[in-house]
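The primary structure of each chain is shown beneath.
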Amino acid sequence: MTTPMRGVMNAVTGGAATPAEIARTTGLDRSEVEAILDHLSRRGRVRLETLGCGPSACTGCGLKGGSCSGK
């Protein structure tokens, strides 16, 4: 059995980039995912970033052409 925290980590390493994607992947509530991400961020296990779309937002972004809707 996978713990919720391990499920979130697996989803992130598998390419899920937003709380909504992680929630869909894991079956957890988005609020639970956000709480786990906050905890993992405080522990230095993940780095939370704000993704924004704009004229140059995709330059150098690892999600460009992938799972990002701002392709």
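Residues numbered from 1 in each chain as written. Predicted model: local features only at pLDDT ≥ 70, side-chain atom pairs only at ≥ 80, totals over all residues. Heavy atoms only, no water.

(A) Examining the pattern of salt bridges more closely. If you walk through the whole model with that rule in mind, you get 3 salt bridges. Residue Glu34 is joined to Arg30 by a salt bridge in which the shortest nitrogen-to-oxygen separation is 3.0 Å. Highlighted residues: Glu34 and Arg30, both in helix 3 (residues 30–42), separated by 4 residues, approximately one helical turn. Look at Arg30 and you get partly exposed, because its relative accessible area is 46%. Across the pair Asp38 and Arg42 runs a salt bridge, and its minimum N-O distance is 2.3 Å. Here the residue Asp38 and the residue Arg42 both occupy positions in helix 3, the gap between them amounting to 4 residues, near one helical turn. Residue Asp38 is classed as partly exposed on the basis of its relative accessible area of 37%. (Salt bridge = Lys/Arg side-chain N within 4 Å of Asp/Glu carboxyl O. Helix = DSSP H or I, 4+ residues; strand = E, 2+ residues; numbered from the N terminus. Buried < 20%, exposed > 50% of the residue type's maximum accessible area, 1.4 Å probe, protein only.)

(B) Local environment of the side chain of Glu21. On the secondary structure map, Glu21 appears in helix 2 (residues 19–26). Despite its burial, Glu21 pairs with no opposite charge, the nearest such side chain being Arg24 at 4.6 Å. (Lys, Arg positive; Asp, Glu negative; His and termini not counted.)

(C) Seen up close, the packing of helix 1 (residues 4–13) against helix 2. Their axes nearest at 9 Å, the elements helix 1 and helix 2 cross at an angle of 115°. Our pair here, helix 1 against helix 2, has a crossing hand that is right-handed. In this structure, helix 1 contributes Gly7, Val8, Ala11 and Val12 to the contact, and helix 2 contributes Ile22, Thr25 and Thr26. Residue composition of the contact of helix 1 with helix 2, grouped by class: 4 nonpolar, 3 polar and no charged. (Axes fitted to C-alpha atoms, helices over the stretch in contact; angles between N-to-C directions. Left-handed = near helix turned anticlockwise from the far one by under 90°. Contact = heavy atoms within 4.5 Å. Nonpolar A, V, L, I, M, F, W, Y, C, P; charged D, E, K, R; others polar.)

(D) Layout of helix 2. Listed as buried for helix 2 are Glu21, Ile22 and Ala23. Considering only its buried residues, helix 2 is in contact with helix 1 and helix 3. Where helix 2 terminates, the next one or two residues include Gly27, which has phi positive at roughly 80°.

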